[in-house]
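Coordinate inspection notes
What follows is the residue order along each chain.
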Amino acid sequence: MVILRVNTDIRFRRQFLVAPSKIRCPPGWLEASLLGKHFLYAHPELPVTIRSEGSLGIALVGFALDPQAPERTDDEIASSLLASVRNGMDARTVAENLGGRWVLFVVDEQGLTVFNDACGL
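So, a few notes on the structure that sits alongside this text. Starting afresh in each chain, residues are numbered from 1 along the sequence in its written order. Selection of residues for local features in this predicted model requires a pLDDT of at least 70, selection of side-chain atom pairs for listing and counting requires 80 or more, and totals for whole chains, interfaces and linings are taken over all residues. Processing note: side-chain calculations cover all non-hydrogen atoms of the structure and skip hydrogens and water entirely.

**Describing the sheet that holds strand β3 (residues 38-42)**
The test is simple: In this analysis, strands are considered paired if DSSP registers two or more bridges between them. Secondary structure elements are defined from DSSP: runs of H or I of at least 4 residues count as helices, runs of E of at least 2 residues count as strands, and each element is numbered from the N terminus. Helix axes are fitted to C-alpha atoms over the stretch in contact, other axes to C-alpha atoms as well, and angles between N-to-C directions run from 0 to 180 degrees.
The strand order across the open sheet built from 3 strands is β1-β3-β2, with neighbouring strands paired in antiparallel fashion. Two strands in the sheet have a free side with no partner beyond their single neighbour: β1 (16-19) and β2 (30-34). Across the sheet, the axes of successive neighbouring strands diverge by a mean angle of 15°, strand direction being ignored.

Written out as structure tokens, the structure reads:
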């Protein structure tokens, strides 16, 4: 007789949630504040990179690929995105050449802006 065990943790595998206030999330999930204005919750298998400076913050959820510099890590890409946006560039323009499967959250004085990879995956 073979008994199969179903791991219920895979039910929400690689998913995330952004909320305007704190919520109770499943155990083991990442809980992060986006400048105290929004709250990000992510499954432990989902890569999340958060950078902030002053009143500007970004969260890269998933993985990004820079075709001009494929060796760059998510940390390097997120830091570069933050620096570009801080210097007045439009986040959409900065992120439009990135490959991968990602969602980018940009938080500033105006609120929250969300961009996704070209295929919306």
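**Section: the pairing of β2**
The pairing of β2 with β3 spans 5 bridges and is classified as antiparallel. Within β3, the position partnered with Leu30 by the bridge is Ala42. Connecting the antiparallel pair β2 and β3 is a turn made up of 3 residues, with Leu35 showing a positive phi of about 60°.

**Considerations on the sheet that holds strand β4 (residues 48-53)**
Spatially, β4-β5-β6-β7 is the arrangement adopted by the 4 strands of the open sheet, whose pairing is antiparallel. With one partner strand each, in any of the chains shown, β4 and β7 (111-116) form the two edges of the open sheet. Pairwise comparison of adjacent strand axes, ignoring direction, gives a mean angle of 15° for this sheet. Examined bridge by bridge, β4 and strand β5 (residues 56-65) share 6 bridges and lie antiparallel to one another. Directly across from Val48, in β5, lies its bridge partner Val61.

**Some thoughts on unusual backbone geometry**
What counts is decided by this rule: Any residue under 20% of the maximum accessible area for its type is buried, any over 50% is exposed, and the rest in between are partly exposed; the area is computed with a 1.4 Å probe on protein chains only.
Despite not being glycine, Arg14 has its phi angle at roughly 60°, a positive value. As for its placement among the helices and strands, Arg14 is situated in the segment before β1. With a relative accessible area of 40%, Arg14 lands in the partly exposed category. The backbone of Leu35 sits at a positive phi, close to 60°, despite the residue not being glycine. Checked against the element boundaries, Leu35 lands in the loop between β2 and β3. For Leu35, a relative accessible area of 30% corresponds to the partly exposed category.

**Brief notes about the nonpolar core**
One recurring pattern in soluble globular proteins: nonpolar side chains tend to sit buried together. The criterion, for reference: To qualify as a nonpolar core, a set must consist of buried Ala, Val, Leu, Ile, Met, Phe, Trp, Tyr and Cys residues joined through side-chain atoms within 4.5 Å. Whether two residues are in contact is decided by their heavy atoms: any pair within 4.5 Å suffices.
Formed by 17 residues in total, the largest nonpolar core has its most connected members in Ile58, Leu81, Leu98, Trp102, Leu104 and Val106. It is helix α1 (residues 74-86) that contributes the most residues to this core, 5 residues altogether. Non-local contacts of Leu98, meaning those with residues more than four positions away in its chain, are made with Ala64, Leu65, Asp66, Pro67, Ile77 and Leu81. Judged by nonpolar contacts, the second largest core, of 9 residues, contains Leu34, Leu46, Ala59 and Val103.

**A few points about the pattern of salt bridges**
Close approach of charged atoms lets side chains of opposite charge pair. Applied cut-off: Should a side-chain nitrogen of Lys or Arg be within 4 Å of a carboxyl oxygen of Asp or Glu, the pair is scored as a salt bridge.
The tally for this structure, following the rule as stated, stands at 4 salt bridges. Put simply, Arg51 and Asp75 hold a salt bridge, and the shortest N to O gap is 3.0 Å. Taken as a pair, Arg51 in strand β4 and Asp75 in helix α1 lie far apart in primary sequence, 24 residues in all. What makes Arg51 partly exposed here is its relative accessible area of 26%. Residue Asp75 is classed as partly exposed on the basis of its relative accessible area, which comes to 41%. Across the salt bridge formed by Asp66 and Arg72, the nearest N and O atoms sit 2.6 Å from each other. Using a relative accessible area of 24% as the deciding quantity, one classes Arg72 as partly exposed.

Keep in mind that these numbers describe shape and distance, not what the molecule does.
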